[in-house]
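Fold and contact review
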Amino acid sequence: MCKESDYHFEYTECDVLGSRWRVAVPNKANTCTGLPDPVKGTQCTFSCSEGEFLDMRSQQCQKCAAGTYSLGTGVAFDEWGSLPTGFVTHGMDTNGGEAHTNCSNSTWIPKDDFIASNTDECSATLSYAVNLKKAGTVSFEYSYPDNSIYFEFFVQNDQCQSTDSDNRWMKISESDWSHYTVQLNKGTNVLYWRTTTYTMFDSAVKPVLLRNIAISGVAYTSECFHCKPGTYSAKPGSARCTPCPADSFSNKGATVCHQCEKDKYAEAGSGNCKPRPACTNSDYFYTHTPCDSKGKTQLMYKWIEPKICSESVTGAVKLPASGKRQTCPPCNPGFFVTKSSTCEPCASGFYSNGTACAKCPVGTEPEVGFEYKWWNRMPSNMKSWVSSQEYSNSDRTTAWEVAGDYIYTISGEQDSDYMTLSLNVPGYRLPQSMAKDSERSELSRITFVFETKCTADCALYFMAGYNQWNNDVVEQWSGSSRKQSYSYLIQTNYTTSFTWTFKRTGQYTTERKYSSDVAKIYSIHISNVIGGVASECRHCALRSGKTGSACVPCPAGHYMVSGTGVCRSCPPNTFIRAEQPVGEAACVQCGPNTKRNKAHSACLSDCVLDVRSSGGALLHYDFSPLANATGFQSSPRFTNRGLRYFHRFSVGLCGKESRALAACVDNVTESGREVKGYVCQSTVVPSDIRGQSVVSSLPFIIGDTLIGVTTDKTLSNISSLESLFPAASSLPDVIFYYRSSETTQACKDGRLTTIRLRCDPTVTAKDHITLPSKCSEGTCDGCSFHFLWQSQHACPLCTKNHYREIVSACIQGIQRTTYVWQQPLQCHGGESLPAQKVSACVTLDFWLKFGVSTGTIAAVLLISISCYFWKKTRKLQYKYSKLIMTSGGKECELPAADSCAIMEGEDAEDDLIYLTKKSFFTKIKSFSRERTSDGFDSVPLKSSSSGLPRDDDDSDDP
């Protein structure tokens, strides 16, 4: 027969009427018989109160005994030595399988009192499914200190539908532990806690921690839970257990805490005591006491609280004696010393150097801000605390101490602790004598002097944000740093919190090897703070007839003469430097092809300019189609852990005062920080989480001031290296030069950006921007960024010089004139090609016939003239020959004339000689005779009846 220890009671499922039965279930099957019969159970809506449990035998609620607790209708999880039953955790790759990261081990890790998320670049999910019989709640405590991780909590039903998607993104913790509660619906609820790390650096990331998860709305709890070690419940009916105070401990299910022995100690909530170590030099620190009523202070040594070391152990050091009392240094600027030797701020309109307040003279106004350079007391708007990398339960709250001339980091419990100092300000307001700069405003500036001395891999981080728990890292210094000054520009009221965090080593260790490593801050100065104090007064602009009136800024385009308050006009086409409105040096000449804006606060380009080419031709450009803000990104990059990411750039090239600025935003954290300017950069990570394609973070400006637009390779010490973008065209590139006013440790003069516009008529896309092949991230040194923008809109406007005309042949009395572009084409827009011209003409056939006819007539005339002159020439030749023949052979003697005139019939005789018929061959022979030996031609003469003399011989003369 079954005994009571062999079985237990359970309820059946509720029927449609909301009723159920209580049945006995054996602990082991087939071990006994004779189980009690089922009996009518309680209604399904029945529940017990907190601190009670349902006794299944009597079906009545009873109080939990001392040393135990109960949530009544809920369950609680406060012990995390191992993963509780029902919880599931797994890691997932957020890069769509393209990363080289193995996420199988990226899970939530139980660590006794809490469970910690992963810190690598995978997505770690913790889930728990629970079936509620009625609507209930889930509550938990979490620690979410690092915005390099984004943390979400959401609930889904059994259909995998999210029940609430509006509040799933958790906020950065505003204290060490934050409490969160969500309403749950009746039925199945699956709870999800998910974290994903987005960091581009190898710096340590603080994990998200969970503890004390409680769920209400379950049907009932049939037993009470024992208090975990380190907690107790002294009275029956407790809903939760109370942690033991420091130097006490308790075991599981304790009703009281036990005090530790004198030579042992325990932290709050400990389950055991530890032996006290011997005190060392790392267990105490020095500080300057506040000024007493006599104006005296002294160097004093104090034990680090809570004190865990023992002075009685062999080898322990004693606390050094306090130093001599000395006269207190003056108060910080803007404060005065009261009769009780305390420091109080000066009233509005007054200033001081730290001793006594004085009213600002007429025509001046106080320069309001905070300046801390004497450290006898921590300012009221500053505080420090210790955060452990492993999040121990230490209640230490002091990490930085005052030391008169500086503040410094005291020794931590562990070398891997984060020693944090925060400064909060209510907001900023520009002085009345300064006009707000519409282009780039210097709302405020924080400057601090510091140094670090380290023997290990220490790091000092400076962060800025809108509260002490949500800050972005502005700058960091690794290793020892000499005493130096750092300045950070504040441009919006968004930034109201500043944090300095010092970490002695990135290696987790429970020892204190590097307690002598220290960070010191000597002075902190922040300007234009609402509610601040003044250390000096500045002159106001002088206006006629209004002496003593409220300060007003100088008119636009005017600077204030130093020390007088007289406003003078700046030279033409200059703007006023926002951070230096006093002195002629405040007037800055605008760069080439830029004009000052209406407020005289910056120089702008209206996207239209004229450039003289190397050949002397004037080129007209209009970049208006490229003026709208354009985004592009670098090639994929991978971190050491395999996370794939891109650098995304946004460019607002040029435009008028109402132009659209380039914007980069942080959508990882709730801050939604956004920066705007000409050129900005952010880091984007592809993600299938959070319902968006990419996650953007770390935005910063790389160009907020336009220096100039020119074809020169260098402008204002900014060089655009042509070797980064070799050109294949003779057409010069137009280069836009920008500068950022934000300075960093690496870029002490701010970041520089050049955008080289290159004409390419084949590129129709407006955003064809490339990065240098040698520097795939757009920069080789992190300070100078260079981009090449190829587009048809980057070509000069077309003019008449860019096309030529082609005249066709005359066909059927019509002639066409066609215009075509010069090749290669190096222009776009501007003048278009003229339309084809058609004109009347005379055909080629007519001119051919006319030419042939004219040539024929000319040939005939030429031949006729030639024949005429040839005949005349032959006559003269004959007469000359005849004259020679009659000369008688005497040299130098002309023949005697037969008569004084030509005789009648002489011409007829001469003509007869040539009219005598001869054969053609004979005539040729007569024309081609050879000369005789005497040099004269032999001319045959025909005998005439005139009785010419003859030779006596009968031989025939030739």
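Values in this document were obtained by computation on a predicted structure and should not be read as measured data.

Calculation notes
Residues numbered from 1 in each chain as written. Predicted model: local features only at pLDDT ≥ 70, side-chain atom pairs only at ≥ 80, totals over all residues. Heavy atoms only, no water. Helix = DSSP H or I, 4+ residues; strand = E, 2+ residues; numbered from the N terminus. Buried < 20%, exposed > 50% of the residue type's maximum accessible area, 1.4 Å probe, protein only. Contact = heavy atoms within 4.5 Å. Areas by Shrake-Rupley, 256 points an atom, 1.4 Å probe, with all protein chains shown as cover. Disulfide = S-S within 2.5 Å. Phe/Tyr/Trp six-rings, centres within 6.5 Å; stacked < 30°, edge-to-face > 60°. Pairing = 2+ DSSP bridges. Axes fitted to C-alpha atoms, helices over the stretch in contact; angles between N-to-C directions. Patch = residues over 30% accessible without salt bridge, like charges linked within 9 Å, V, L, I, M, F, W, Y side chains within 5 Å. Salt bridge = Lys/Arg side-chain N within 4 Å of Asp/Glu carboxyl O. Lys, Arg positive; Asp, Glu negative; His and termini not counted. Charge placed at Lys NZ, Arg CZ, Asp CG, Glu CD. pLDDT = per-residue confidence, 0-100. Core = buried A, V, L, I, M, F, W, Y, C linked by side-chain atoms within 4.5 Å.

Take the overall build of the protein next. Tallying secondary structure elements over the protein gives three helices and 67 strands in all. The buried share among the 958 residues of the protein stands at 44%. Here the analysis covers contacts within the protein between residues at least 6 apart in sequence; of these, 65% occur between residues at least 24 apart. Element-wise, carbon and sulfur atoms account for 52% of the exposed surface of the protein, whose accessible area totals about 50500 Å².

Each disulfide is one covalent bond, formed between the sulfur atoms of two cysteines. Under the criterion given, the structure shown has 21 disulfides. Here C291 pairs with C328 through a disulfide, and the sulfurs are 2.0 Å apart. As the torsion about the S-S bond is roughly -140 degrees, the C291-C328 disulfide counts as left-handed. Separated by 37 residues along the polypeptide, C291 in the loop between strand 24 (284-288) and strand 25 (296-303) and C328 in the loop between strand 26 (325-327) and strand 27 (335-337) bring together distant segments of the chain.

Turning to the packing of aromatic side chains, a few remarks are in order. Counted under the stated rule, the structure contains 47 aromatic pairs. The interplanar angle of 85 degrees and the centroid separation of 6.2 Å between the aromatic rings of F448 and W477 together place this pair among those described as edge-to-face. With F448 in strand 36 (residues 444-453) and W477 in strand 38 (residues 470-478), the pair connects residues that are 29 residues apart, well separated along the chain. The class of W477 is buried, set by a relative accessible area of 2%. Taken together, a centroid distance of 5.0 Å and an interplanar angle of 65 degrees make the contact between F649 and F787 edge-to-face. Remark: F787 occurs in strand 64 (residues 784-791) and F649 occurs in strand 53 (residues 644-651); sequence separation between them is 138 residues.

With that settled, consider the sheet that holds strand 26. Strands sit in the order 24-25-26 across an open sheet of three strands; the sheet is antiparallel. At either margin of the open sheet sits one strand with a lone partner, and together these are strand 24 and strand 26. Averaged over neighbouring strand pairs, the angle between their axes works out to 30 degrees when direction is ignored. Pairing analysis gives five bridges linking strand 24 to strand 25, with the strands arranged antiparallel.

In this section: a positive patch on the surface. A grouping of K871, K872, K875 and K879 is seen on the molecular surface, where their side chains present a positively charged patch. Tracing the backbone through its elements, the reader meets K872 in helix 1 (residues 844-885).

This part is about unusual backbone geometry. In this model, Q823 is joined to P824 through a cis peptide bond whose omega is 0 degrees. Here P824 shows up in the loop between strand 66 (814-821) and strand 67 (837-840). With phi around 55 degrees, N528 is a residue other than glycine that occupies positive phi space. Residue placement: N528 occurs in the loop between strand 41 (518-527) and strand 42 (533-539). One non-glycine residue, H600, lies in the positive phi region at around 55 degrees. Note on placement: H600 falls in the loop between strand 47 (595-596) and strand 48 (603-604).

Turning our attention to the sheet that holds strand 1 (residues 7-11). Read across the sheet, three strands follow the order 1-2-3 without closing on themselves; strand pairing throughout is antiparallel. What marks the edges here is a single partner per strand, and that holds for strand 1 and strand 3 (39-40).

All right, on to the pattern of salt bridges then. Under the defined criterion, the tally for this structure stands at 11 salt bridges. One network of salt bridges, with partners in common, ties together D733, R756 and R758.

Time to look at the pairing of strand 49 (residues 608-612). Residues of strand 49 alternate between two faces, with L609 and V611 buried on one and V608, D610 and R612 left unburied on the opposite face. Judged from the five bridges that link them, strand 49 and strand 50 (residues 618-622) form a sheet pairing that is antiparallel. Paired with L609 across the bridge in strand 50 is Y621. Between the end of strand 49 and the start of strand 50, which pair antiparallel, lie five residues, with G616 showing a positive phi angle near 95 degrees.

Before going further, it helps to examine the confidence of the model for the protein. On average, residues of the protein score 81 in pLDDT, and 84% of them reach the 70 mark or higher. Per-element confidence in the protein is highest for strand 41, whose mean pLDDT is 95, and lowest for helix 2 (residues 906-915), whose mean pLDDT is 46. Contacts of residues 897-918 to residues separated by more than four positions or lying in other chains number 11 contacts, the stretch itself having pLDDT below 50. Ignoring residues within four places in sequence, the model shows residues 941-958, a span with pLDDT below 50, making five contacts including any to other chains.

Turning next to the nonpolar core. Looking at soluble globular proteins, one finds that nonpolar side chains tend to be buried together. Among the nonpolar cores identified, the biggest contains 48 residues, and W400, I446, F462, F498, W500, I524 and I526 are the most heavily contacted of them. What W500 contacts, discounting residues up to four positions off in sequence, is W400, M419, T420, L421, L423, I446, F448, Y461, F462, I521 and I524. Among the nonpolar cores identified, the runner-up in size contains 38 residues, and Y128, V130, Y150 and F153 belong to it.

Examined against the element boundaries, T754 turns out to sit in strand 62 (residues 752-759). Judged by relative accessible area, which is 1%, T754 ranks as buried. Contacts of T754, omitting those with residues within four sequence positions, involve I718, S719, S720, I735, F736, Y737, F785, H786 and F787.

Each regular strand displays side chains that alternate between the two surfaces of the sheet. Residues S178, Y180, V182 and L184 point to one face of strand 14 (residues 178-184) and are all buried, whereas H179, T181 and Q183, pointing to the other face, are not buried. Relative to strand 14, strand 12 (residues 136-143) is paired through seven bridges, and the arrangement is antiparallel. Among the inter-strand pairings, S139 is bridged to a residue of strand 14, identified as T181.

Before going further, it helps to spend a moment on the environment of G230. Residue position: G230 is located in the loop between strand 17 (225-226) and strand 18 (231-232). By relative accessible area, which is 0% here, G230 ends up buried. Distance from G230 to S270, taken between C-alpha atoms, is 4.4 Å for residues 40 residues apart in sequence. Leaving out residues up to four positions away in the same chain, G230 has contacts with T242, P243, C244, S250, G269, S270 and G271.

Another point: a nonpolar patch on the surface. Residues I857, L861, I865, Y868 and F869 make up a contiguous nonpolar surface patch of about 550 Å² in total accessible area. Mapping F869 onto the fold places it in helix 1.

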